[in-house]
Amino acid sequence: MAREIVLDTETTGFDPKTGDRLIEVGCIEIDDLLPTGRTFHAFVNPERSIPAEAIRVHGITDDKVAGAPKFGEMCEQLLEFIADAPVIAHNAAFDRNFINWELANCGRVTLHESRWIDTLQLAQGRFPGMANSLDALCKRFKISLVERTLHGALIDARLLASVYLELKGGKERVLDLSAARGPLTAAAEAATHGARPRPLSPRVSETEAEAHLAFLNAKLKDRSLWAAYGLAGV
């Protein structure tokens, strides 16, 4: 698997074409479906007021973003973090519309639709007819929501990274080491077949060995299991 970026945004509303703006973006870098520890997070000054109904969802107020950079002042860092990686988002059309609207306003090249992976579509394909919101998927996959009292871009991106792992069967892939095995060394090959490459010297004396065989001969009725170890000759 190649490097991928899990992305989430918070906004002032639902549609940038009607004046809504981006106010927060969070990104998680994953490699082979697992987080690498690298993240990107930024609040964005939307240059407009945030409606009360939006604040109730994410808790981001006008005061919180008043000193934040405008999108054009932070987009270079965002684009450097994303680089040429595919972008994963839940209901990707929503995040893509806002990101590309802001990029276009800055005269920057937008992120083509083909680069986006929509986890909502993945979930709908796997669980048709079921609730497939991020919250519903977290509950279905038993991903803890204890730290999430309000929506937040970086928190939701972290949750989505875990959901994406589940949707792609990642836990099973991680546990299956067969694909990652290279050629066995002579020692590993021998160990795999139950033989040591350099057998240990016996540490039992001849007298002790004879006493052990005499004990087995006296106690065991079926000697077939021990025939390979010399019991048959006692």
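Coordinates for the structure precede this section.
Residues numbered from 1 in each chain as written. Predicted model: local features only at pLDDT ≥ 70, side-chain atom pairs only at ≥ 80, totals over all residues. Heavy atoms only, no water.

Quick word on the pairing of strand β1 (residues 3-11)
The side chains of a regular strand alternate between the sheet's two faces.
And then number 1: In terms of residue burial, β1 counts as a mostly covered element, since eight of its nine residues are buried.
And then number 2: Note that β1 and strand β2 (residues 22-31) share nine bridges and pair antiparallel. For Arg 3, the partnering residue across the bridge sits in β2 and is Asp 31.
And then number 3: Bridge count for β1 against strand β4 (residues 87-89) is two bridges, and the pairing is parallel. Among the inter-strand pairings, Val 6 is bridged to a residue of β4, identified as Ile 88. (Buried < 20%, exposed > 50% of the residue type's maximum accessible area, 1.4 Å probe, protein only. Helix = DSSP H or I, 4+ residues; strand = E, 2+ residues; numbered from the N terminus. Pairing = 2+ DSSP bridges.)

What about the packing of helix α3 (residues 71-82) against helix α4 (residues 92-105)?
And then number 1: Taken N-terminus to C-terminus, the directions of α3 and α4 make an angle of 115°; their axes are 10 Å apart at the nearest point. Helix-helix and strand crossings are classified by hand; for α3 and α4 the assignment is left-handed. Along its contact with α3, which presents Phe 71, Cys 75, Leu 78 and Leu 79, the element α4 presents Ile 99, Glu 102 and Leu 103. (Axes fitted to C-alpha atoms, helices over the stretch in contact; angles between N-to-C directions. Left-handed = near helix turned anticlockwise from the far one by under 90°. Contact = heavy atoms within 4.5 Å.)

Remarks on the side chain of Asp 156
And then number 1: Position of Asp 156 relative to the elements: it lies in helix α7 (residues 153-167).
And then number 2: With residues up to four places along the chain from it excluded, the contact list for Asp 156 reads Asp 8, Glu 10, Leu 134, Arg 148 and His 151.

Overview of the sheet that holds β2
And then number 1: Within the open sheet, the five strands sit side by side as β3-β2-β1-β4-β5. Their pairing is mixed. The sheet is open, and its two edges are formed by β3 (34-43) and β5 (116-118), each paired on a single side. Geometrically, the sheet is characterised by an average inter-axis angle of 25° between neighbouring strands, direction not taken into account.
And then number 2: Of the pairings in the sheet, the one linking β2 to β3 comprises seven bridges and is antiparallel in character. For Ile 28, the partnering residue across the bridge sits in β3 and is Thr 39.
And then number 3: Sitting on the sheet, α3 is in contact with β1, β2, β3 and β4, with an inclination near 170° to β3.

So, α7
Since there are 3.6 residues in each turn of an α-helix, residues three or four apart along the chain are aligned in direction.
And then number 1: With 15 residues, α7 extends 20 Å between its outermost C-alpha atoms, agreeing within 8% with the 21 Å of an ideal straight helix rising 1.5 Å per residue.
And then number 2: Counting buried positions along α7 gives twelve out of 15 residues, so the element sits mostly inside the fold.
And then number 3: With its phi angle positive at about 70°, Gly 169 sits one or two positions after the end of α7. (Expected span 1.5 Å × (residues − 1).)

A closer look at the environment of Lys 17
And then number 1: Relative to the helices and strands, Lys 17 resides in the loop between β1 and β2.
And then number 2: Given a relative accessible area of 67%, Lys 17 falls into the exposed group.
And then number 3: As for Lys 17 and Phe 98, which are separated by 81 residues in sequence, their C-alpha atoms are 9.1 Å apart.

Comments concerning the pattern of salt bridges
And then number 1: A full pass over the atoms with the stated rule returns seven salt bridges.
And then number 2: The partner of Glu 47 in a salt bridge is Arg 21, and the shortest N-O contact between them spans 3.8 Å. Taken together, the positions of Glu 47 in the loop between β3 and α1 (52-58) and Arg 21 in the loop between β1 and β2 put the pair 26 residues apart, joining distant regions of the chain.
And then number 3: Arg 21 sits in the buried class, given a relative accessible area of 18%.
And then number 4: For Arg 38, the salt bridge identified is with Glu 29, shortest N-O distance 2.9 Å. (Salt bridge = Lys/Arg side-chain N within 4 Å of Asp/Glu carboxyl O.)

A short note on the pairing of β2
And then number 1: Burial runs high along β2: nine of the ten residues are buried.
And then number 2: Hairpin connection from β2 to β3: two residues lie between these consecutive antiparallel strands, with Asp 32 at a positive phi of about 55°.

Topic: the packing of aromatic side chains
And then number 1: What the rule picks out here adds up to three aromatic pairs.
And then number 2: Look at Phe 40 and Phe 81: their rings are 6.1 Å apart centre to centre, the planes differ by 35°, and that puts the pair in the tilted class. Taken together, the positions of Phe 40 in strand β3 and Phe 81 in helix α3 put the pair 41 residues apart, joining distant regions of the chain. Exposure class is identical for Phe 40 and Phe 81. Each is buried.
And then number 3: A cation sits over an aromatic face here: Arg 3 above Phe 81, 5.8 Å from the ring centre. (Phe/Tyr/Trp six-rings, centres within 6.5 Å; stacked < 30°, edge-to-face > 60°. Lys NZ or Arg CZ within 6 Å of the ring centre and 35° of its normal.)

Section: helix α5 (residues 119-126)
And then number 1: When we look at burial in α5, the residues that qualify are Thr 119, Leu 120 and Ala 123. Here the buried residues of α5 occupy an arc of 105° about the axis, which is enough to place them on one side. Exposed and facing more than 90 degrees away from the buried side of α5 are Gln 121 and Gly 125.
And then number 2: Residues of α5 that are buried make contact with β4, β5, α6 (134-140) and α7.
And then number 3: Its side-chain oxygen placed 2.9 Å from the backbone nitrogen of Leu 120, Asp 118 serves as the N-cap of α5. (Arc of directions from axis to C-beta. Polar contact = N/O pair within 3.5 Å; in protein donor to acceptor, adjacent residues only side chain to side chain.)

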